[in-house]
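Working through the structure, step by step
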Amino acid sequence: MAQSTTLQPTAATTDFADAPRSGTWDGGNEPFRASYGKLMMWFFLLSDTFTFGAFLTAYGLIRHKHGVYTGPAKDFFFSTAHWPVPEKVFNAFPGFHGVDLPLAFVALMTMILIFSSVTMVLAVEAGHRLDKADVQKWLLWTILFGSMFLSSQAWEWSHFIGGHEEPTIMADGTRFFGANLAMNQYGPPLFGDLFFFITGFHGTHVFSGVILLIWCFIATTNGTFEKRGHYEMIEKIGLYWHFVDLVWVFVFTFFYLV
Amino acid sequence: MSANHAEELSLHPGEIAKPNTGWIWKTFWVLVIITAFEFLIAFTMTSPGLRTFRNSIFIVMTILKAFFIVGEFMHLKHEVKSLIWTILIPTALLVWLVVALVTEGSYVGEVLSHMFS
């Protein structure tokens, strides 16, 4: 104890501020070995996880609050009394009018997003090698797949809003097609609301991602990152893009499969 | 990544290293196979008695996919331990919230269905 209280003259006290202090808590360290920008992107994504987590939690609560259809699958009918079976709601495919193709279109959308994630990580890899041409190529592919996903979602939404061939007969005998925020032909009103909010919020993220990627492509083409000497911006936008893919993995399971 | 940097050092100025993309395509195929398996389950395991079992398979597959996307594509697996835990611990709390509110939802539904009877 006595030894620890005796002050030893340190480099800092003898040479004043010439030599910076370099202890763990003296600042200037990177405990996470990640740059400021990448770390902040991680924290932003964590906060975004809570937003999407809130949506999916609300979905879980509301879905379990409603009744479950218990009859045989072939006799399933749309009703506000029970939660709809996703295979019966999402069974259309562009160009195959009237054909029952359950979940085929959403499978395509999932594949498009997985592909876009792969091309994104290829762009990041090209950035590590400072290969400008490759970064441009893979960014363009990612933008293409991202736009394809957005167009698919636009089609999915218009089909959901427009409604199925067969209307649902309401309690007062009126026929109702499609969906809006107040009511829908597939099930309880909250089913439509959750569809619009969850897939809409995810789609907004994809849209912002595509805008950021277009900006990245322009900056790469102008040589901004080449002058900087590193392509870290591509990595940061890449983190965001993979997160959007990750959210879709969860939306896909909890909204379309379970 | 360390292998990448070693390669860069041995390059001549202006030369570009060879792409190293094997691990990316490996991860891609893992994701595709898991998704295909999910669809297989969705269409073959349709009996109502297996509902809970089927849904648990879906949830396990989803977490597996998330592990590959976050670990490999987002590179979290190769970051320092403190960063990994910083991301994982708050997310684990979210899992608890989902379980709690799903249970709560079933209870609310039951109470409402008996409210007037």
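Fair warning: this is a prediction, and the values are worked out from it, not measured in the lab. (Residues numbered from 1 in each chain as written. Chains lettered and ligands numbered in written order. Predicted model: local features only at pLDDT ≥ 70, side-chain atom pairs only at ≥ 80, totals over all residues. Heavy atoms only, no water.)

1. Observations concerning unusual backbone geometry
Residue and element names in this part refer to chain A. Convention followed: Labels follow the DSSP assignment, with helices taken as runs of H or I lasting at least four residues and strands as runs of E lasting at least two, numbered in each case from the N terminus. Summary of the burial criterion: residues with accessible area below 20% of their type's maximum are buried, those above 50% are exposed, and those between are partly exposed, where the area comes from a 1.4 Å probe applied to protein chains only.
Of note in this structure, Arg33 is not a glycine but carries a positive phi near 50°. Positionally, Arg33 belongs in the loop between α2 (11-14) and α3 (36-65). Of the residues examined, Arg33 reaches a relative accessible area of 65% and is grouped as exposed. Unlike most non-glycine residues, Leu130 shows phi in positive territory, near 55°. Judged by relative accessible area, Leu130 falls into the partly exposed class, the value being 42%.

2. Comments concerning the packing of helix α7 (residues 189-221) of chain A against helix α9 (residues 232-257) of chain A
All names here are of chain A. Defined as follows: Axes, fitted as lines to C-alpha atoms, cover a helix only where it is in contact. Angles between the N-to-C directions of the axes lie from 0 to 180 degrees. By the definition adopted for this analysis, an angle is roughly parallel if under 35 degrees, roughly antiparallel if over 145, roughly perpendicular if from 65 to 115, and oblique otherwise. Crossing handedness is read from the near helix: turned anticlockwise from the far helix by less than a right angle, it gives a left-handed crossing, and turned clockwise, a right-handed one. Each residue gets one of three labels, nonpolar for Ala, Val, Leu, Ile, Met, Phe, Trp, Tyr, Cys and Pro, charged for Asp, Glu, Lys and Arg, and polar for the others, Gly among them.
The contact between α7 and α9 brings their axes to 10 Å, and the two run at 160°. On the basis of their axis angle, the class for α7 and α9 is roughly antiparallel. In the crossing of α7 with α9, the sense of the turn from one axis to the other is left-handed. Residues of the contact of α7 with α9, tallied by class, amount to 21 nonpolar, 6 polar and no charged.

3. So, the UniProt feature "transmembrane region" (unreviewed entry) in chain B
Residue and element names in this part refer to chain B. Rules: UniProt positions are given in the numbering used here, feature names are shortened, and annotations may be inferred rather than shown by experiment.
The UniProt entry lists residues 23-45, 57-76 and 82-102 under the feature "transmembrane region" (unreviewed entry), expressed in the numbering used here. Helix and strand shares over residues 23-45 are 96% and 0% respectively, and the end C-alpha atoms of the span are 33 Å apart. Overall, residues 82-102 shows 100% helix and 0% strand. The separation of its end C-alpha atoms is 31 Å.

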